[in-house]
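Given next are the chains, with one letter for each unit.
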Amino acid sequence: MGEMITIPLDEYQALRHAAEELDDLRTFDRAKAAIAAGDDELVPAEALKRLLAGEAPLRVWRELRGLTQSALASESGVNRVQIADIEAGRRNGSLETARRLAAALGIAIDDLA
């Protein structure tokens, strides 16, 4: 068995709390570095609220990027009517369609689900 020490419970809990705070700071630093490197972005609270409320992710991201349906159609090669149908919930679109839309919007395909 290895060496052991005994410390008061309140000191142990303080050490655990400090370790958790350090982990949080490291996570924060990684997120800031990813944003600075262009690997991630901050999403405005209003857009997040819309997504959490169940609004069509394609519409939220398209509007966040300042694109019309026609502009997104041109950028992605996906028919504008198909984009309108996906935003309205009338169609889901294929995996290839989602891939093309996500690429045109500069987001991960998972962000459209």
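Residues numbered from 1 in each chain as written. Predicted model: local features only at pLDDT ≥ 70, side-chain atom pairs only at ≥ 80, totals over all residues. Heavy atoms only, no water.

So, about the side chain of Thr-97. Mapped onto the fold, Thr-97 is located in helix α6 (residues 95-105). The exposure class assigned to Thr-97 is buried, which follows from its relative accessible area of 9%. Here the side chain of Thr-97 touches Ser-94 through a polar contact of 3.0 Å, side chain to side chain. (Helix = DSSP H or I, 4+ residues; strand = E, 2+ residues; numbered from the N terminus. Buried < 20%, exposed > 50% of the residue type's maximum accessible area, 1.4 Å probe, protein only. Polar contact = N/O pair within 3.5 Å; in protein donor to acceptor, adjacent residues only side chain to side chain.)

For the rest of this paragraph, the subject is a nonpolar patch on the surface. Taken together, Ile-5, Ile-7, Leu-9, Tyr-12 and Leu-15 make up a surface patch of nonpolar side chains, about 540 Å² in accessible area. With respect to the helices and strands, the residue Ile-5 is situated in the segment before α1 (9-36). Exposure remark for Ile-5: the relative accessible area of 73% places this residue in the exposed category. (Patch = residues over 30% accessible without salt bridge, like charges linked within 9 Å, V, L, I, M, F, W, Y side chains within 5 Å. Areas by Shrake-Rupley, 256 points an atom, 1.4 Å probe, with all protein chains shown as cover. Salt bridge = Lys/Arg side-chain N within 4 Å of Asp/Glu carboxyl O.)

All right, on to the pattern of salt bridges then. Applying the stated criterion across every chain yields a total of 9 salt bridges. Across the pair Arg-99 and Glu-96 runs a salt bridge whose closest N-O atoms are separated by 2.5 Å. Of this pair, Arg-99 and Glu-96 are both found in helix α6, 3 residues apart, which corresponds to roughly one turn of the helix. Exposure remark for Arg-99: the relative accessible area of 43% places this residue in the partly exposed category.

In this structure, Leu-58, Leu-72, Ile-83, Leu-101, Leu-105, Ile-107 and Leu-112 are the most contacted members of the largest nonpolar core, which totals 13 residues. Of all elements in the fold, only α3 (57-64), α4 (69-76), α5 (80-88) and α6 reach the threshold of two or more residues within this core. With 4 residues, α6 is the single largest residue contributor to this core. Contact partners of Ile-107, with chain neighbours within four places excluded, come to Trp-61, Arg-65, Ala-102 and Leu-112. (Core = buried A, V, L, I, M, F, W, Y, C linked by side-chain atoms within 4.5 Å. Contact = heavy atoms within 4.5 Å.)

Position of Ala-53 relative to the elements: it lies in the loop between α2 (45-52) and α3. Remark: the alpha-carbon pair of Ala-53 and Ala-19, spanning 34 residues in sequence, is separated by 35 Å.

We now examine the layout of surface pockets. Where empty space is left becomes clear once a probe the size of a water molecule has been rolled over the atoms. Approximately 270 Å³ is the volume attributed to the largest pocket. In this structure, the largest pocket is lined by 16 residues; those nearest its centre are Ile-86, Asn-92, Ala-98, Leu-112 and Ala-113. For the lining of the largest pocket, the secondary-structure elements that each account for two or more residues are α3, α5 and α6. Per-element tally for the lining of the largest pocket: the top contributor is α6, with 4 residues. (1 Å grid on protein atoms, 1.4 Å probe; cavity = no way out; pocket = protein on both sides within 12 Å on 5 of 7 lines; lining within 4 Å. Points joined across faces, edges and corners; volume = space filled by probe spheres on them.)

Coordinates in, geometry out; function isn't part of it.
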